[in-house]
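In case you want the letters, here they are:
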Amino acid sequence: QVQLVESGGGLVQPGGSLRLSCAASGSAFRLNPMAWYRQAPGKQRELVARITSGASTNYADSVKGRFTISRDNAKKTVSLQMNSLKPEDTAVYYCNMFVELVNRSYWGQGTQVTVSS
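Residues numbered from 1 in each chain as written. Predicted model: local features only at pLDDT ≥ 70, side-chain atom pairs only at ≥ 80, totals over all residues. Heavy atoms only, no water.

### A few points about the state of the cysteines
The tally for this structure, following the rule as stated, stands at 1 disulfide. At a sulfur-sulfur separation of 2.1 Å, the disulfide partner of C22 is C95. What sets the handedness of the C22 and C95 disulfide is the S-S torsion sign, and at about -80° it is left-handed. On the criterion of sequence distance, the pair formed by C22 in strand 3 (residues 18-24) and C95 in strand 9 (residues 91-99) is long-range, its members being 73 residues apart. For C22, a relative accessible area of 1% puts it in the buried group. (Disulfide = S-S within 2.5 Å. Helix = DSSP H or I, 4+ residues; strand = E, 2+ residues; numbered from the N terminus. Buried < 20%, exposed > 50% of the residue type's maximum accessible area, 1.4 Å probe, protein only.)

Written out as structure tokens, the structure is:
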């Protein structure tokens, strides 16, 4: 059973920073890729950043150079450091684990990030 719990969202001014964290349960964490997605009002959910079990990363073009994804396999956590935030980064951010063995995605409940002055 995989459970994902996000934390760290909130209200921040443009140009500010936030750090999101996702704590995972279960034994599959270190074996599988983790990702952060986001969904803004009226828009489809989109991939923000992804990190493989080997710590290779990829990012959406819109966040490259501003966001950094990292993972701690010992603590079973994945984090998203978000710098130079823009109003267009406002969205609900979701943690995702893709369990390759069963070809299934698991999602957290989401955390709201609002960038506004």
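### Comments concerning the pairing of strand 5 (residues 46-51)
Here strand 4 (residues 34-39) runs beside strand 5; their pairing, made up of 5 bridges, is antiparallel. Across the sheet, the residue bridging to M34 is I51, located in strand 5. Taken together, strand 4 and the strand that follows it, strand 5, pair antiparallel across an intervening segment of 6 residues, in which G42 is found at a positive phi of about 75°. Pairing of strand 5 with strand 6 (residues 57-59), which is carried by 3 bridges, proceeds in the antiparallel orientation. Note on strand 6: the bridge partner recorded for A49 is Y59. Remark: 5 residues form the turn of the hairpin made by strand 5 and strand 6, two consecutive strands paired antiparallel; A55 in that turn has positive phi of roughly 75°. (Pairing = 2+ DSSP bridges.)

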